[in-house]
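So you can see what is in the structure, the chains are spelled out below.
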Amino acid sequence: MKINILKVLFFVLSFFVLGQHISAQEISPVIDYKEKKSYEIGGITITGAETRDRNAIKSIAGLKEGGKVQIPGPAIPAAIKALLKLRLFDDVQIYQEKTEGEIVFLKIVLIERPILSRWSYKGVKNSQHEDLNELIKNILTKGGIVTDDQKELAKVKLRQFYVEKGKLNATVLVNEFPDEGKNNSIRLEFVIDPKDRVKVEDIVFEGNKTFSDRKLRKKMGKTKRKGTLLRKSKFIEKEYQEDIKSLTKFYQTEGFKNMSIVSDTTYKNKDGNIMVKLEIEEGNRHFFRNIKWKGNSLYSDDQLYAILGLSKGDVYNPELLQNRLKFSLDGRDISTLYLDDGYLAFDITPVEVAIERDSVDIEMRIFEGPQFTVENVVIKGNDRTNEHIVRREIRTMPGQKFSRSHIIRSQREIINLGYFNPESLGINTPVNQSRGTVNIEYQLEEKPSDQLELSAGYGGFSGLIGTLGVVFNNFSIANVKDRSTWSPLPQGDGQKLSVRLQSNSRFFKSYNFSFTEPWLGGKKPRSFTIGAVQTAFDYSLSDAGKLKITRGFVGIGSQLKWPDDFFSSNTTLNIEQINLDNFRSGGFAITKGTFNNFSLKQTFTRSSISDPLFPRRGSKVSLAIQVTAPYSLFRKQKFFEITEEEEAEIRRELSFENGPARPVTEADVEAKKDELREANKFKWLEYHKWKVTSEWYYNIFDKLVVATTAKFGILGSYNKDIGISPFERFELGGDGINNQNAGLQGKEILALRGYDTRDISGNGEQTPTGGFEGAPIFNKFTVELRYPLSLNPNSTIYVTSWIQGGNAYRNFSEYNPFDLKRSAGFGARVFLPMFGLLGFNYGWGFDKVVTDGKFGTFNIVLGFEPE
């Protein structure tokens, strides 16, 4: 019985298992991988990666509906490998969903990697984030996939950023977090520890016999050891390698042509600082021996020797040799000799033909080539300035022989116009070899040149003073009727129109107008200037009187050809009348009267400066002589004689001033007579005024410029009985802002940074209202370092530091050019085309008597650079 029951159970169980097997086969058939079979793909289903293009996925996988696939076979593994290679997916699986005869249906299951939503930094200042983003955005993309390789590269780049700043021990970690605000997104956090800058402990040299360690360290301009004055010590590999090249170049310029650095070793000491050890093999110092010329037919050997300036026995200096052959900034080189005569294809190669002990023989191999003629001169980019304005400034003309010096001079003249961006000025010289001609193309970029001044300032007792001024530097009278040239006034002809108004309605008013045509007649560089100025001060409410100055002027300027064409001449006729009405605020010894100042001013200037806004090289030297007629030689009436009519007028004025309560005394009359005698002396001002100015600019390296300035002025008289004029004197000190209107108060006001006018005893006595008499003699010297932060024509910015010395003297017997008021300081300048020059100075006067506890002075620069 038991055996029968077991048989029944076994039969039922077998039937159930068989049924399950058949059911499974119907749902998902079992494939025997021992047998390969080819199927047609009936359909492909893709799950996951919903944002990805389905057709692109199929294409990359190499699978398509209607195509053939072998199962098992290489197609499926290849498809998986191709999709994984995209690095977009963490996992890729391909399933056989079902088969219908010879047709198979596939299913691709994708697990997509998360996308990057953002990244952030930890451990560094916010001010550095922008620089770091510039590095990272080239590696990572927001909305893109992040791979381990990308994260590693980002770490390397971020660390390198700090290593290049001398922070060799900087560390960078990257943390990955899910971005909870977005699906399937991550954010990265870069944890940066810059650590301190690694300093150079010492730089040690071995094998240097000719030059000391100290001198060699100076030649390493960027790698400095600890304790170097005014320079931070840091070790940057790139700069270190540049310094090694500089060291080698220095030795070569000193004749050590075979000098080599046998080894350079860097290692950290126990304090973590870098030790640098350089082993040098100097070799012998070499000298020029025989210099021969080969291939020269236009110029003799003697002519070439004279320009080269090197002779037998001179220290062998390959850098100097190249400068004398091709690259001299002053034009003293062999190539200039040929290139200025049309030989555009000229080339010269120095070849060392013999080296014996310490002597080097050089053969100069010259290829003179054909002579080229200028065919066309093309000017491009002058969108606002008329072409003839540019063309009249350039020295290169069609039909002339090609000349490099003419191109360089043309470039300078175009820049000095002030209408074009000097940084983008380009010059191309396409050559037509078959015709022996060359075209010269000047590629220009217009920049804003007009200026607007709109300001308000507090003028002490005068109250609030408003200023409105406009300067149109590229004005055009001829285009007044052409509305298309108005922006906001007609422009394009290089004329200058200036209008300036200042007022506070009651105490002070000033009107200034001038117009300049730089090419009068249009054929020669002869400028014509006309203008007028009127200034009025009214302090009658404070019993300080009134001052009114009215001046008109006309000037003619021209470019000279002798001694060279860097010289120019300017002659100006000034007609001025000064009216004082009990004015006691200007520091004048005279308080009442009408004075006539008719003068002729002649100025000679030599200027080789290019880009006057930020000159980098060149000089400017000027001599100005201003004279009046010696009226005292022709006047019939002596100034000390008082006429009966004048005495009667004095008595009437005294009677009116004193009133009936106080009778007029003879003492009162004599006092008024003395004032009148003093005024009569200067009714017609007579003087001769001399002023010398010298400016020199030199580009030390990179964009760092040293500017030196020397100024000297003297005011003299014709008649010792009359003496020095109370007007046209010099007043030294302060910010010099009042000098922007020459003769604003009948004096020439010059800045002396670090001092106020009251600190300079030579300015004379100070009146109760604050004015100074002024000095007949002054001198001033300045040495200044300038470095530009931006040379963009829309916002030129540079910083400056300076030392300065100057003084004013009451007479020539007191004059001592070494008795100076010394100062030093720093400042900044910003030039905005629409507003002119803005900036500040902060100076310390070393010889200043400090009474208010303020050792330094702060000055604002508005619209112009004080003299």
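Here is a short report on the structure shown in this document. Keep in mind the model is a prediction, meaning the values are calculated, not measured.

1. A few points about the sheet that holds strand 9 (residues 260-268)
With respect to topology, three strands assemble into an open sheet ordered 8-10-9, the strand pairing being mixed. Only two strands of the sheet have a single partner each, and these edge strands are strand 8 (200-206) and strand 9. Between one strand axis and the next, the sheet turns through 15° on average, direction left out of account. Pairing geometry for strand 8 and strand 10 (residues 274-281), over six bridges, is parallel. Across the sheet, E206 pairs through a bridge with E279, a residue of strand 10. Of the strands in this sheet, strand 8, strand 9 and strand 10 are in contact with helix 7 (residues 237-253), which crosses strand 9 at around 150°.

2. Observations concerning helix 3 (residues 75-85)
Along helix 3, the positions that sit buried rather than exposed are I76, A79 and L83. One face of helix 3 carries all of its buried residues, which in axial projection span an arc of 60°. Projecting away from the buried face of helix 3 at angles above 90 degrees are the exposed residues K81 and K85. Considering only its buried residues, helix 3 is in contact with helix 2 (54-61), strand 2 (68-71), strand 3 (89-100) and strand 4 (103-112). R87 lies just past helix 3 and shows a positive phi near 60°.

3. A word on the nonpolar core
Note on soluble globular proteins: their nonpolar side chains tend to be buried together. Core analysis: the biggest nonpolar cluster contains 29 residues, and L547, I578, L580 and F595 have the highest contact counts within it. Broken down by secondary-structure element, the contributors of at least two residues to this core are strand 23 (546-559), strand 24 (567-581) and strand 29 (729-732).

4. Looking at the pattern of salt bridges
With the rule as written, the count across this model stands at 43 salt bridges. One salt bridge connects R217 with D213, and the closest N-O pair in it is separated by 3.9 Å. One end of the pair, R217, and the other, D213, are both in helix 6 (residues 213-219), four residues apart, so they sit about a helical turn from each other. Take D213: its relative accessible area is 25%, and that puts it in the partly exposed class. A salt bridge links R606 to D564, with the shortest nitrogen-to-oxygen separation between them at 2.9 Å. Note that R606 is positioned in strand 25 (residues 592-607) and D564 in the loop between strand 23 and strand 24, a separation of 42 residues in sequence. On the basis of relative accessible area, R606 is assigned to the partly exposed category, the value being 24%. Each of the salt bridges in this network shares a partner with another, and the network as a whole consists of R395, R409, R412, E413 and D565.

5. Here's the deal with the packing of aromatic side chains
Taken as a whole, this structure holds 28 aromatic pairs when the rule is applied. For the pair Y338 and F346, a centre-to-centre distance of 4.3 Å together with 5° between the ring planes defines the contact as stacked. The burial state of Y338 is the same as that of F346; both residues are buried. Aromatic pair Y631 and W684: ring centres 5.4 Å apart, planes at 50°, arrangement tilted. Note that Y631 is positioned in the loop between strand 26 (618-627) and helix 13 (644-658) and W684 in the loop between helix 14 (666-681) and strand 27 (688-701), a separation of 53 residues in sequence. Of the aromatic side chains, those joined through ring pairs into one cluster are F826, F840, Y842, W844 and F858. Positioned over the ring face of W486 is R483, at 4.3 Å from the centre of the ring. Taking NZ or CZ as reference, R753 lies 4.4 Å from the ring centre of W802, over its face.

6. Thoughts on the environment of D264
As for its placement among the helices and strands, D264 is situated in strand 9. Exposure remark for D264: the relative accessible area of 36% places this residue in the partly exposed category. Linking D264 and E279, residues 15 residues apart in sequence, is a C-alpha distance of 6.4 Å. With sequence-adjacent residues up to four places away left out, D264 is seen in contact with Y240, Q241, I244, K277 and L278. At 3.1 Å, the side chain of D264 and the side chain of Y240 are in polar contact.

7. Digging into the sheet that holds strand 6 (residues 171-178)
Strand order across the open sheet formed by three strands is 5-7-6, with mixed pairing between neighbours. Each edge of the sheet is formed by a strand with only one pairing partner; in this case those strands are strand 5 (115-122) and strand 6. If you compare each strand with its neighbour and ignore which way they point, the axes differ by 20° on average. As judged from the eight bridges shared by strand 6 and strand 7 (residues 185-193), these two strands associate in the antiparallel manner. Across the sheet, the residue bridging to E176 is L188, located in strand 7. Of the strands in this sheet, strand 5 and strand 7 are in contact with helix 4 (residues 129-136), which crosses strand 5 at around 140°. Seen against the sheet, helix 5 (residues 148-163) touches strand 5, strand 6 and strand 7 and runs at an angle of roughly 140° to strand 6.

8. Description of a nonpolar patch on the surface
Residues L454, L468, V499, L501, Y511, F513, I530, V554, L573, I575, F598 and L600 make up a contiguous nonpolar surface patch of about 980 Å² in total accessible area. If you list the elements that add at least two residues to the nonpolar patch, you get strand 20 (495-503), strand 21 (508-517), strand 24 and strand 25. Judged by relative accessible area, which is 45%, I575 ranks as partly exposed.

9. Considerations on unusual backbone geometry
Cis rather than trans, the peptide bond between I71 and P72 has omega equal to -10°. Cis geometry marks the peptide bond from W562 to P563; its omega dihedral reads 0°. Of note, P563 is situated in the loop between strand 23 and strand 24. The phi angle at K195 is positive, at roughly 60°, despite the residue not being glycine. Residue K195 is classed as partly exposed on the basis of its relative accessible area, which comes to 35%. In this structure, E728 is a non-glycine residue whose phi angle is positive, near 65°. On the secondary structure map, E728 appears in the loop between strand 28 (704-716) and strand 29. The exposure class of E728 is buried, given its relative accessible area of 14%.

Here is what the cut-offs are and how they apply
- Residues numbered from 1 in each chain as written.
- Predicted model: local features only at pLDDT ≥ 70, side-chain atom pairs only at ≥ 80, totals over all residues.
- Heavy atoms only, no water.
- Pairing = 2+ DSSP bridges.
- Helix = DSSP H or I, 4+ residues; strand = E, 2+ residues; numbered from the N terminus.
- Axes fitted to C-alpha atoms, helices over the stretch in contact; angles between N-to-C directions.
- Contact = heavy atoms within 4.5 Å.
- Buried < 20%, exposed > 50% of the residue type's maximum accessible area, 1.4 Å probe, protein only.
- Arc of directions from axis to C-beta.
- Core = buried A, V, L, I, M, F, W, Y, C linked by side-chain atoms within 4.5 Å.
- Salt bridge = Lys/Arg side-chain N within 4 Å of Asp/Glu carboxyl O.
- Phe/Tyr/Trp six-rings, centres within 6.5 Å; stacked < 30°, edge-to-face > 60°.
- Lys NZ or Arg CZ within 6 Å of the ring centre and 35° of its normal.
- Polar contact = N/O pair within 3.5 Å; in protein donor to acceptor, adjacent residues only side chain to side chain.
- Patch = residues over 30% accessible without salt bridge, like charges linked within 9 Å, V, L, I, M, F, W, Y side chains within 5 Å.
- Areas by Shrake-Rupley, 256 points an atom, 1.4 Å probe, with all protein chains shown as cover.

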